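Close look at the chain arrangement
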Amino acid sequence: MIEMRDAMRAVKTEDPEAIVLLAETSTMAFADISGPDDLYLPVGSMSKASSVGLGVALAQPDKNVVIFDGDGSLLMNLGSLVTIGKQAPTNLVHILLANDVYALTGGQPIPSADRGDLPGMGKAAGYASVLTFDNIEQFASDLPAILNEDGPTFVVLDTVTEVTNAADWKNYPRPPKGWKVQAPAMRDALGGE
Ligand SMILES: [Mg+2]
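Now for a look at the structure at hand. The structure presented is a predicted model; accordingly, all values stated were derived computationally and were not measured. (Residues numbered from 1 in each chain as written. Predicted model: local features only at pLDDT ≥ 70, side-chain atom pairs only at ≥ 80, totals over all residues.)

**Notes on the nonpolar core**
- Core analysis: the largest hydrophobic core is formed by 43 residues, its most contacted members being L22, F68, I95, L96 and L157.
- Setting aside residues up to four positions removed in sequence, F68 forms contacts with M8, V20, L22, A23, S26, I95 and L97.
- Listed in part, the five residues of the second largest apolar core include V101, Y102, L104 and I110. (Core = buried A, V, L, I, M, F, W, Y, C linked by C-beta atoms within 7 Å. Buried ≥ 20, exposed ≤ 12 C-beta atoms within 10 Å, placed from the backbone. Contact = placed C-beta atoms within 7 Å.)

**As for the packing of helix α1 (residues 4-14) against helix α7 (residues 136-148)**
- Across the interface, α1 lies against α7 with an axial gap of 10 Å and an inter-helix angle of 35 degrees. Seen along the crossing, α1 lies across α7 with a hand that is right-handed. Facing α1, whose interface residues are D6, A7, A10, V11 and E14, α7 presents I136, F139, A140, L143, P144 and L147.
- Residues belonging to the contact of α1 with α7 are distributed by class as follows: nine nonpolar, no polar and two charged. (Axes fitted to C-alpha atoms, helices over the stretch in contact; angles between N-to-C directions. Helix = DSSP H or I, 4+ residues; strand = E, 2+ residues; numbered from the N terminus. Left-handed = near helix turned anticlockwise from the far one by under 90°. Nonpolar A, V, L, I, M, F, W, Y, C, P; charged D, E, K, R; others polar.)

**Looking at unusual backbone geometry**
- With an omega of 5 degrees, the peptide bond running from G151 to P152 counts as cis.
- The residue P152 is located in the loop between α7 and β8 (153-158) in this model.
- The backbone of S47 sits at a positive phi, close to 80 degrees, despite the residue not being glycine.
- Within the secondary structure, S47 is located in the loop between β2 (40-43) and α3 (49-59).
- Unusually for a residue other than glycine, A88 sits at a positive phi of about 55 degrees.
- Within the secondary structure, A88 is located in the loop between α5 (79-87) and β4 (92-98).

**Here's the deal with the packing of α3 against α5**
- Interhelical geometry of α3 versus α5 gives an angle of 15 degrees and a closest axis separation of 9 Å. In terms of orientation, α3 and α5 fall into the roughly parallel class. As α3 runs across α5, the sense of the crossing is left-handed. In contact with S50, S51, L54 and L58 of α3, α5 contributes S80, T83, I84 and Q87.
- For the contact of α3 with α5, the per-class residue count stands at three nonpolar, five polar and no charged. (Parallel < 35°, antiparallel > 145°, perpendicular 65-115°, else oblique.)

**Notes on the sheet that holds strand β3 (residues 65-70)**
- Taking strand neighbours across the sheet as the criterion, the six strands line up as β2-β1-β3-β4-β8-β7 in an open arrangement whose pairing is parallel. For this open sheet the edge positions go to β2 and β7 (129-133), each flanked by a neighbour on one side alone. Each strand axis lies, on average, 15 degrees off the axis of its neighbour in the sheet, ignoring direction.
- The strands touched by α3 within the sheet are β1 (19-23), β2, β3 and β4, with β3 carrying the most contacts at an inclination of about 175 degrees. (Pairing = 2+ DSSP bridges.)

**Focus on the pairing of β4**
- Within β4, seven of the seven residues are buried, which leaves it mostly tucked inside the rest of the structure.
- With burial as the criterion, each face of β4 is covered, one bearing L92, H94, L96 and A98 and the other bearing V93, I95 and L97.
- Direction of pairing for β3 relative to β4: parallel, over a ladder of six bridges. When the sheet's bridge partners are listed, G70 is paired in β4 with L97.
- As defined by bridge partners, β4 adjoins β8 across six bridges and the pair is classed as parallel. The residue of β8 that forms the bridge with I95 is V155.

**Notes on the environment of L118**
- For L118, the position within the fold is in helix α6 (residues 118-125).
- Residue L118 is classed as buried on the basis of its C-beta count, with 20 C-beta atoms lying within 10 Å.
- Taking the C-alpha atoms as reference, L118 lies 28 Å from P16; in sequence the two are 102 residues apart.
- Setting aside chain neighbours within four positions, we find L118 in contact with D71, L74, L96, A98, S112 and V156.

None of the figures reported here should be taken as evidence of function without further support.
This is the structure we're talking about:
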């Protein structure tokens, strides 16, 4: 199994210039590994990191755009798989932190646990490639190719579960700059209007 922070560190090491988008639980994990100059965006709209990431990838075709999504989060926004498959941004890497639970709300099993085939859904939706990993060494080894080859790429990581106490989640650490600060900062850094 893979610790989500290890996967995040691997991405930052391999491409420090990558634009990173974060969904739900990954937002708090990224607080532990992010630096002051990182271009990241904690997507505050539940489940919408994949949709926002698609837009950023289309607008910034010369940069790698990496989404850290949750499996419960993706199930709330499954249609984004099809839209990404259709739009097919070659610079998009959609990483699914798969743990079979809604970690942010207490660890309830997600509907696809033990039955659904999320990697298969990515293939059916038209991603250029779909990869699954259950150890960080193999993921880190393959990451240069993942970031350099034409996507969109769907990467499903067998991820260690970190259940958040839902009653206390607002007190968990966040990246130092949240959505309202980071969204305009990213827009400025990327030359947008
Ligand atoms: Mg999950």
